[in-house]
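As a plain string of letters, each chain reads:
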Amino acid sequence: MPDLSIIVPVFNEEGSLDELHRQITSVESETSQAFEIIFVDDGSSDKSWNVLKKLATANDNVQCIRFRRNFGKAAALRAGAAVTSAPLVMTMDADLQDDPAEIPRFIEALGDDYDLISGWKEKRNDPLGKTLPSRVFNWMIGLMTGVKLHDHNCGFKLYRREIFDHVKLYGEMHRFVPVLATAKGFRVNEISVNHRAREHGVSKYGLERLPKGFLDLLTVSFLTGYNQRPQHVIGAIGLLSCFAGTLGIVYLTIYWLLRVSFEAYSTWPPLHERPLLIFSLGALLLGTQLLCMGFLAELIVNRNQESTEPYTIREKL
Ligand code: UDP
Ligand code: MG
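Described below are features of the structure shown in this document. Sequence order as written defines the numbering, with residues in each chain counted from 1. The lettering of chains begins at A and the numbering of ligands begins at 1, in the order of writing. Only residues with pLDDT of 70 or above have their local features reported here, since the model is predicted, and side-chain atom pairs are shown and tallied only from 80 upward, although totals for entire chains, interfaces and linings are computed over all residues. Side-chain metrics rest on all non-hydrogen atoms present in the structure, leaving aside hydrogens and water.

**Quick word on the sheet that holds strand β1 (residues 4-10)**
- If DSSP finds at least two bridges between two strands, the strands pair. Numbered from the N terminus, helices here are DSSP runs of H or I no shorter than four residues, and strands are runs of E no shorter than two. Taken in spatial order, the 7 strands line up as β3-β2-β1-β4-β6-β5-β7 in an open sheet, and their pairing is mixed. The open sheet terminates on both sides in strands that have one partner only, identified here as β3 (62-66) and β7 (188-192). The sheet shows a mean angle of 20° between the axes of neighbouring strands, taken without regard to direction.
- With 4 bridges joining them, β1 and strand β4 (residues 88-91) adopt parallel strand pairing. Of the residues in β4, the one forming a bridge with I7 is T91.
- Should any heavy atoms of two residues lie within 4.5 Å, those residues are counted as being in contact. To obtain an axis, a line is fitted to C-alpha atoms, over the contacting stretch when the element is a helix, and the angle between two such axes runs from 0 to 180 degrees between their N-to-C directions. Contacting β1, β2 (35-41) and β3, helix α1 (residues 17-30) runs over the sheet at an angle of about 165° to β2.
- Its contacts with the sheet put helix α4 (residues 103-110) on β1, β2, β4, β5 (116-120), β6 (157-160) and β7, and the angle it makes with β5 is roughly 135°.

Structure, rendered in structure tokens:
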């Protein structure tokens, strides 16, 4: 059985794969550990699969999975994790930007104290248009989720295998594994890693990852904070809105009663000329809608209780 499984998502990386395999193998030969490498071809349209086929045929410890089309990095990592057999799992990009020579440092940093070690591309060899938004993004993740890492999105990470039993990747959630893992009680740390410039092929992500990443961040902070009790956040806003609406309506009711009962107040403008009426009704409607949505969310959580445990266990004696 291997000591370490290395998952490599591959999307049009034909120029890098042979060299990456060579570098990983040379690191393996310097350590006393056995590695298995799992390449996941995420629907490449270049010759990546041909290169991988040769690697798998020539090496016992190389496995390859080929998707029918491009499903995204998170899906590729999940498919790789599903076939790992080692207690430790490393993920790294296929483009040679992550340096396999760092693998022993990851293992050392994990020790007994941590469950996930995330890479930090401290000296990043990417254009400024990539590094600057990334800084802002990492700062925002730290602020909203409390998980403070310099480089959440780094693809170079070491995990204990069981993390993948509890954190199921989909969409573009690969950016948030440290956050999702922390929410399940796993201990996360980071080490600074050597980062190299891309030599072959092109980057698969552009500026569109910013709005997408931000929306995912909102989802993740909601899911990690209120996954088990959505009504506590949706309902709280709903209640607040209902309360404001009710206040407005009560005020307008008294106003109307005074206006029709006493001659002195009959010069007050009629109700339909009071904008507060529309605001109050809007707030009441919004509030009740939110409360109903909260109950629907609770219903979903309640139904899921049978399949997901609301806890994770570190050890049993
Ligand atoms: N990747 C993938 N599927 C995709 C996009 C990217 O498997 O849809 C892989 C890609 O082949 C690489 C890794 O994810 O191994 C990171 O991609 P890239 O280097 O383009 O990202 P960047 O380093 O520019 O952030
Ligand atoms: Mg890259």
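**Details of the site of ligand 1**
- Around ligand 1, a shell composed of 18 residues is seen, among which D42, D95, K130, S203 and K204 lie nearest.
- Here D42 contributes a side-chain N or O atom positioned 2.6 Å from a nitrogen atom of ligand 1.
- One of the backbone N or O atoms of K204 is found 2.6 Å from an oxygen atom in ligand 1.
- Relative to its free-state accessible area of 530 Å², ligand 1 is covered by the protein chains to the extent of 95%.
- Any residue with an atom within 4 Å of a point lines the site, the site being either a cavity, points on a 1 Å grid over the protein atoms alone where a 1.4 Å probe fits but cannot get out, or a pocket, an open set with protein on both sides within 12 Å along at least 5 of 7 lines. Whether a molecule lies in a cavity or pocket depends on its atoms, and more than half of them have to be within 2 Å of the grid points. Judged by the fraction of its atoms near the pocket grid, ligand 1 is located in the second largest pocket. We define proximity as follows: a residue is near a molecule or strand when any one of its heavy atoms falls within 4 Å of that partner. Polar contact is the term for a pair of N or O atoms within 3.5 Å; when the atoms are in protein, one must be able to donate a hydrogen and the other to accept it, and sequence-neighboring residues count only if both atoms are side-chain atoms. For the area figures, the Shrake-Rupley method with a 1.4 Å probe applies, and any residue is considered shielded solely by the protein chains shown.

**Here's the deal with the coordination of the magnesium ion (ligand 2)**
- Metal donors were taken as nitrogen, oxygen and sulfur atoms no farther than 2.8 Å from the ion, or 3.2 Å where the ion is Na, K or Ca. Water is excluded, so coordination may look unfinished. In the first shell of the magnesium ion (ligand 2), the protein supplies D95 (OD) and Q97 (OE1), at 1.9 to 2.0 Å from the metal.
- Throughout, exposure labels follow a simple rule: accessible area from a 1.4 Å probe, protein chains only, divided by the maximum for the residue type, with under 20% read as buried, over 50% as exposed, and the rest as partly exposed. The class for D95 is buried, based on a relative accessible area of 4%.

The quantities given are spatial measurements derived from coordinates; they are silent on function.
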